[in-house]
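# Close look at the chain arrangement
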Amino acid sequence: MAELCRLLLVDDNPKYIKDVLPYYGYEVICATNGIEALEILNKDKLIDIVLLDVMMPKMNGWDTLKEIRKNPQTKNLPVIMVTAVNEDQKMISGLKIGADDYIVKPFVLPNLLARIEAVLRRSKRGSGTIEQNNVTINKNNQFNSLTRREKDVLLLVTQGENNKSIADKLVLSEVTVKSHLSSIFKKLNVTNRTQLVLLAMHVNLLEENK
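Residues numbered from 1 in each chain as written. Predicted model: local features only at pLDDT ≥ 70, side-chain atom pairs only at ≥ 80, totals over all residues. Heavy atoms only, no water.

### Considerations on the packing of helix 7 (residues 148–158) against helix 9 (residues 174–188)
Threshold: Angular values range over 0 to 180 degrees, each being the angle between N-to-C directions of two axes fitted as lines to C-alpha atoms, with helices fitted over their stretch in contact. Helix and strand assignments follow DSSP, with helices taken as H or I runs no shorter than four residues and strands as E runs no shorter than two, numbered in order from the N terminus. Throughout, the term roughly parallel applies to angles under 35 degrees, roughly antiparallel to angles over 145, roughly perpendicular to angles from 65 to 115, and oblique to all others. Contacts are assigned to residue pairs that have any heavy atoms within 4.5 Å of one another. Amino acids are sorted into nonpolar (Ala, Val, Leu, Ile, Met, Phe, Trp, Tyr, Cys and Pro), charged (Asp, Glu, Lys and Arg) and polar (every other residue, Gly among them).
Remark: helix 7 packs on helix 9, axes separated minimally by 10 Å, with the N-to-C direction vectors making an angle of 90°. What the angle tells us is that helix 7 and helix 9 run roughly perpendicular. Counted together, Arg149, Glu150, Val153, Leu154 and Val157 of helix 7 and His180, Leu181, Ser183, Ile184 and Lys187 of helix 9 form the full contact between these two elements. Classifying every residue of the contact of helix 7 with helix 9 gives 5 nonpolar, 2 polar and 3 charged.

Shown next, in the form of structure tokens:
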């Protein structure tokens with residue numbers, strides 16, 4: 001990275017990440033639970049991004065994220081959740097609370113670095129009103145390319161429904177649901193459900209369909 005980035009790592013077992021990230025241009029500040037993390041964020045106003053583990057003692061990642069988003073000083077701070085739970089509904093619930101992205105354990109280092117850099121790029125772009133408006137227009141155009149049925153499937157995905165549930169609610173076969181999802185992924189240029197929900201959030205699809 002071009003400049004030193006200050007990353008708050010919130011994890012009760014941070015050693016591997018703490019030791020390796022400085023080699024890639026990150027200054028790492030550590031907290032072992034959510035309470036410690038909130039104390040650091042109250043004192044340190046120069047944190048660029050938070051890497052937040054879900055399962056921790058004293059205060060878990062979900063509750064910590066809620067507190068981060070409640071605080072006017074940290075409500076826009078980029079947060080990536082780190083979890084061993086690869087469940088769509090829980091991930092989507094976390095995205096609604098305010099997570100910017102997820103990475104599921106075990107992960108490989110290049111994947112983690114790519115996620116961090118992507119979230120930082122998105123947060124910096126968000127400070128430019130004209131560019132952000134253009135991005136939103138492009139994303140809206142992509143959503144408009146979906147068929148009516150694909151939009152129905154997408155809406156249920158954003159609500160955390162799995163393929164079987166979507167098939168039952170739309171009176172389709174699971175094979176057909178998978179086919180629609182494949183088409184949605186291709187049209188919106190995403191590779192998984194979490195990316196799809198993040199994109200839907202970007203154009204306020206979740207807010208419009210609460």
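### Section: the nonpolar core
Our working rule: For our purposes a nonpolar core is just a set of buried Ala, Val, Leu, Ile, Met, Phe, Trp, Tyr and Cys residues, chained together by side-chain atoms within 4.5 Å. Accessible area is worked out with a 1.4 Å probe on protein chains only. A residue is then buried under 20% of its type maximum, exposed over 50%, and partly exposed in between.
Leu8, Val10, Val50, Leu52, Met81, Ile184 and Leu196 are the most contacted members of the largest nonpolar core, which has 44 residues in total. Ignoring any residue separated from it by four or fewer positions in sequence, one finds Val10 in contact with Ala31, Asn33, Gly34, Ala37, Val50, Leu51, Leu52, Asp53 and Met56. Counting 19 residues, the second-largest nonpolar core is a separate cluster that includes Tyr26, Val28, Ile49 and Ile116.

### Points about the pairing of strand 4 (residues 79–83)
We apply this condition: Any two strands with at least two DSSP-identified bridges between them are counted as paired. Crossovers are marked right-handed if the path from the first strand over the helix to the second runs clockwise, as seen with the strands pointing away from the viewer.
Buried residues dominate strand 4, accounting for 5 of its 5 residues. In strand 4, alternate side chains face the same way, and those of Val79, Met81 and Thr83 on one face and Ile80 and Val82 on the other are all buried. Direction of pairing for strand 3 (residues 49–53) relative to strand 4: parallel, over a ladder of 4 bridges. Note that in strand 4 the partner of Asp53 across the bridge is Val82. Taking the sense of rotation as the criterion, the β-α-β connection linking strand 3, helix 3 (residues 61–70) and strand 4 turns out right-handed. Direction of pairing for strand 4 relative to strand 5 (residues 101–104): parallel, over a ladder of 4 bridges. Bridge pairing in strand 5 links Met81 to Tyr102.

### Some words on the side chain of Thr74
Considering the arrangement of structural elements, one finds Thr74 in the loop between helix 3 and strand 4. Other than its neighbours up to four places away in sequence, Thr74 contacts Leu41, Ile68 and Arg69.

### Some thoughts on the pattern of salt bridges
We count it as follows: Within this document, salt bridges are pairs made up of a side-chain nitrogen of Lys or Arg and a carboxyl oxygen of Asp or Glu, the two lying within 4 Å of each other.
Evaluation of the coordinates by the stated rule reveals 11 salt bridges. For Asp100, the salt bridge is made with Arg69, and the minimal N-O distance between the two is 3.0 Å. Here Asp100 is found in the loop between helix 4 (88–97) and strand 5, whereas its partner Arg69 is found in helix 3, with 31 residues between them in sequence. For Arg149, the salt bridge goes to Asp152, with nearest N and O atoms at 3.4 Å. Separated by 3 residues within a single helix, Arg149 and Asp152 lie in helix 7, roughly one turn from each other. Given a relative accessible area of 32%, Arg149 falls into the partly exposed group.

### Some thoughts on helix 2 (residues 34–43)
For an α-helix, the turn length of 3.6 residues means that residues three or four places apart are oriented alike. Note the following rule: Starting at the helix axis, one direction is taken to each C-beta atom, and the arc is that of these directions. Two N or O atoms count as a polar contact when they lie within 3.5 Å, although within protein this holds only if one can serve as hydrogen donor and the other as acceptor, and sequence-adjacent residues are included solely when both atoms are side-chain atoms.
Those residues of helix 2 not exposed but buried are Gly34, Ala37, Leu38, Ile40 and Leu41. Buried positions in helix 2, seen along its axis, are confined to an arc of 160° and lie on one side of it. Among the structural elements, strand 1 (5–10), strand 2 (26–31), strand 3 and helix 3 are those in contact with the buried residues of helix 2. A distance of 3.0 Å separates the backbone nitrogen of Ile35 from a side-chain oxygen at the start of helix 2, and that oxygen is part of Asn33.

### A look at the pairing of strand 2
Examined bridge by bridge, strand 1 and strand 2 share 6 bridges and lie parallel to one another. Counted as the bridge partner of Cys5 is Tyr26 from strand 2. Read from strand 1 through helix 1 (residues 15–20) to strand 2, the crossover connection turns out right-handed.

### Some points on unusual backbone geometry
For Lys58, which is not glycine, the phi dihedral falls at a positive 70°. Following the sequence through the fold, Lys58 ends up in the loop between strand 3 and helix 3. In this structure Lys58 comes out as exposed when scored by relative accessible area, which is 71%.

### Quick word on the sheet that holds strand 5
The pairing of strands in a sheet comes from backbone hydrogen bonds and takes either a parallel or an antiparallel form. The 5 strands are arranged 2-1-3-4-5 in an open sheet whose pairing can be described as parallel. The open sheet terminates on both sides in strands that have one partner only, identified here as strand 2 and strand 5. Going across the sheet, the axis of each strand differs from the next one's by a mean of 20°, ignoring polarity. Across the sheet, helix 3 lies against strand 3, strand 4 and strand 5, angled at about 175° from strand 4, the strand it touches most.

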